[in-house]
2 protein chains.
Amino acid sequence: MPDPRRRQITGFSNPTVKYLRSLREKKHRKAAGKFLAEGLRLLTDARECGRVPEMLVMAEKRDPHPLLAALEAAVLDSGGEVIETSTDILSKITGKDNPQAVAGVFAEFDTSLAALDRSRSNIWLVAQALRDPGNLGTMLRTGDAVGAGGLILIDDCADPFGVEAVRASMGAVFTQAIAQARWEEFLPWLRAETGQLVAASLRDAVPYRGAPYAAPCFILVGNESQGLPEEYELASDLRVTMPMRGRADSLNAAVAAAVLAYEVLATLPATD
Amino acid sequence: MPDPRRRQITGFSNPTVKYLRSLREKKHRKAAGKFLAEGLRLLTDARECGRVPEMLVMAEKRDPHPLLAALEAAVLDSGGEVIETSTDILSKITGKDNPQAVAGVFAEFDTSLAALDRSRSNIWLVAQALRDPGNLGTMLRTGDAVGAGGLILIDDCADPFGVEAVRASMGAVFTQAIAQARWEEFLPWLRAETGQLVAASLRDAVPYRGAPYAAPCFILVGNESQGLPEEYELASDLRVTMPMRGRADSLNAAVAAAVLAYEVLATLPATD
């Protein structure tokens with residue numbers, strides 16, 4: 001008897017194909033509360049963090065791989081569904097010419113501030129109006145590397161569950177906590193407990209190197225082209241600046257966050 | 001009498017439109033020896049660095065702007081050509097729905113190692129098989145910020161003259177020297193004079209913080225997914241590693257280069 005949790009899909013017009021493709025668009029992701037992650041490595045990272053996709057999609061013709069077998073087993077064990085399809089259809093779902101052989105559908109996480117466990121780490125990254133999904137994913141990846149608790153997205157940022165952000169995070173979307181909030185919500189939440197807000201700034205700032213960082217430290221970077229609103233900088237406990245020896249007056253937002261995060265990591269009392 | 005160096009283009013099939021569009025593809029850029037840069041800010045940065053486009057393309061219907069007027073004058077003064085066209089055609093050239101109102105064509109620079117002036121700075125960035133044009137542009141931007149001499153691209157990297165790399169560089173493509181070389185050429189060039197090669201590494205490496213950096217310091221980062229070949233690391237004078245507190249074993253390549261470059265900047269004898 002065929003396992004009802006395994007299906008083969010052969011037609012481009014199949015509703016599941018349409019559903020999977022729709023998850024490349026933010027409005028459909030939000031409506032479904034789901035997102036796509038692609039690639040065996042990313043899905044294995046997710047599994048090892050206890051995040052198993054609800055639906056796993058892979059090519060019919062594929063080389064056997066122990067990690068893929070482990071993933072399949074985990075999906076079926078947790079009551080999920082495994083779908084096999086042609087490489088053409090898989091390409092159409094992933095939007096890539098040369099698709100990695102597997103994609104998974106996950107439920108979006110709770111991204112409220114209330115869901116964050118502030119005791120998790122002494123370092124947090126905060127981005128304001130970050131528009132580029134690659135920068136967003138890179139910040140998640142950096143957060144994982146420095147042992148940050150997570151990434152807090154202030155105001156209108158790129159969607160952390162978009163395919164490009166998930167890909168750039170290199171799996172950190174599954175290890176870092178993620179919250180989304182307006183500034184008006186974030187500031188009272190921050191001030192309700194101990195926490196130092198450190199703004200990457202060009203105004204009235206001290207050198208970032210050896211600045212008096214204090215745990216837990218919330219590292220705030222602004223929008224790619226506008227930087228931080230002045231009001232946000234003035235509400236910060238510390239404004240720090242990095243040397244700018246050339247013509248440019250700013251760094252890439254994800255780069256600025258990383259340089260600051262590594263400085264904070266090196267100078268804060270050990271968190272382990 | 002009309003100025004022959006000013007032209008209006010009204011048809012999509014105009015050969016100049018085809019030529020400009022073709023510059024979005026690497027093979028056509030290489031054949032022509034030219035590249036495109038877009039946006040008033042970028043082109044103004046270029047002009048202020050003494051790089052004036054050979055050809056300037058802008059929308060017929062545009063708001064007057066003193067920087068645009070300055071750019072137009074500079075192009076005409078240097079014997080270049082100014083082209084006005086419709087916003088539709090401009091969109092087709094730039095490949096963007098909402099094109100910035102101006103694009104320029106530049107001659108590609110000499111990217112031979114021999115053209116580099118090593119005395120220019122104590123910090124140089126070196127990338128090996130860097131595939132992502134956004135990462136490449138971000139490295140140029142970081143190089144500008146730390147006062148690096150330039151970026152040396154080893155083996156098969158993304159094209160520094162591609163539109164995406166130029167854009168991500170935020171003008172640093174015009175301020176940083178750029179060289180392209182095979183490893184077999186690079187190593188003898190490096191060793192012909194004083195220079196410390198520092199590899200971002202996971203193998204047999206010392207902590208990046210406070211490592212014995214020496215000027216001129218060449219900071220080497222590897223391919224986004226493979227990292228550096230072992231042989232390249234072993235040929236380096238110093239292998240340094242950054243803390244990895246999470247699940248990931250690596251940083252984004254442009255982020256790793258930036259964290260290292262700022263550490264080197266802070267610890268090397270001042271270069272000014």
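Named according to an unreviewed UniProt entry, chain A is RNA methyltransferase originating from Parerythrobacter lacustris. According to the UniProt record, the Sequence similarities (unreviewed entry) comment for chain A reads "Belongs to the class IV-like SAM-binding methyltransferase superfamily. RNA methyltransferase TrmH family."

Caption draft 1: Structural context of the sheet that holds strand β10 (residues 206–207) of chain A. Residues and elements named next belong to chain A. Strand order in the open sheet formed by seven strands is β8-β7-β6-β11-β9-β12-β10, and the pairing between neighbours is parallel. Both edges of this open sheet fall to β8 (177–181) and β10, since each of them pairs with a single strand only. Judged from the four bridges that link them, strand β6 (residues 123–128) and strand β7 (residues 150–154) form a sheet pairing that is parallel. Opposite A127, over in β7, you have L153 as the bridge partner. Its contacts with the sheet put helix α6 (residues 133–146) on β6, β7, β8 and β11 (217–221), and the angle it makes with β6 is roughly 170 degrees. Each of β6, β9 (196–200), β11 and β12 (238–241) is contacted by helix α10 (residues 253–267), which is oriented at about 160 degrees to β11, the strand it contacts most.

Caption draft 2: Molecular detail of the domain arrangement of chain A. Residue and element names in this part refer to chain A. In terms of domain boundaries, chain A breaks down into domain 1 (6–107) and domain 2 (113–267). Measuring from the centre of the C-alpha atoms in domain 1 to the corresponding centre in domain 2 gives 31 Å. Counting residues at the interface gives 16 residues for domain 1, matched by 11 residues for domain 2. The contact between domain 1 and domain 2 buries some 1200 Å² in all, and 65% of this surface belongs to carbon and sulfur atoms. Its largest share of buried area at the contact with domain 2, domain 1 owes to R29, F35 and L42, together 37% of the area lost on that side. Put simply, domain 1 and domain 2 have three salt bridges between them. Between K30 and D159 there is a salt bridge; the shortest N-O distance is 3.1 Å. On the surface where domain 1 and domain 2 come into contact, there are three residue pairs in polar contact (both at pLDDT 80 or more). Elements supplying a minimum of two residues to the side of domain 1 that touches domain 2: α2 (26–32), β2 (34–38) and α3 (40–48). Residues belonging to the side of domain 1 that touches domain 2 are distributed by class as follows: seven nonpolar, no polar and nine charged.

Caption draft 3: Fine view of the interface of chain B and chain A. Chain B puts 36 residues into the contact, and the matching count from chain A is 36 residues. Counting the surface lost from both chain B and chain A, the interface buries some 3000 Å², and carbon and sulfur atoms represent 50% of this. Ranking the residues of chain B by area buried against chain A places R245(B), R247(B) and Y262(B) at the top, with a combined share of 24%. Summed over the shared surface of chain B and chain A, the result is eight salt bridges. In this structure, R247(A) engages D45(B) in a salt bridge whose closest nitrogen and oxygen atoms are separated by 2.9 Å. Taken together, chain B and chain A are joined by 20 residue pairs in polar contact (both at pLDDT 80 or more). For the side of chain B that touches chain A, the elements supplying multiple residues, two or more each, are α3 (40–48), α6 (133–146) and α10 (253–267) of chain B.

Caption draft 4: The arrangement of helix α5 (residues 87–94) of chain A in detail. Residues and elements named next belong to chain A. For α5, every residue scored as buried is listed here: I89, L90, S91, I93 and T94. The secondary structure elements touched by the buried residues of α5 are β1 (6–9), α1 (15–22), β2, β3 (55–59), β4 (81–85) and β5 (102–107). Two residues or fewer past α5, G95 is found with a positive phi of approximately 70 degrees.

Caption draft 5: Structural context of the pattern of salt bridges. Residues and elements named next belong to chain A. On inspection of all chains with the given rule, the structure shows 34 salt bridges over all chains. Among the ionic pairs, E38 bridges to R24, the shortest N-O distance being 3.0 Å. On the criterion of sequence distance, the pair formed by E38 in strand β2 and R24 in the loop between α1 and α2 is long-range, its members being 14 residues apart. Judged by relative accessible area, which is 9%, E38 ranks as buried. On the basis of relative accessible area, R24 is assigned to the partly exposed category, the value being 30%.

The rules behind the values
Residues numbered from 1 in each chain as written. Chains lettered and ligands numbered in written order. Predicted model: local features only at pLDDT ≥ 70, side-chain atom pairs only at ≥ 80, totals over all residues. Heavy atoms only, no water. UniProt positions renumbered as here; feature names shortened; annotations may be inferred. Pairing = 2+ DSSP bridges. Helix = DSSP H or I, 4+ residues; strand = E, 2+ residues; numbered from the N terminus. Contact = heavy atoms within 4.5 Å. Axes fitted to C-alpha atoms, helices over the stretch in contact; angles between N-to-C directions. Domains from an automatic or database assignment. Buried area = accessible area lost by both parts, 1.4 Å probe. Salt bridge = Lys/Arg side-chain N within 4 Å of Asp/Glu carboxyl O. Polar contact = N/O pair within 3.5 Å; in protein donor to acceptor, adjacent residues only side chain to side chain. Nonpolar A, V, L, I, M, F, W, Y, C, P; charged D, E, K, R; others polar. Buried < 20%, exposed > 50% of the residue type's maximum accessible area, 1.4 Å probe, protein only.

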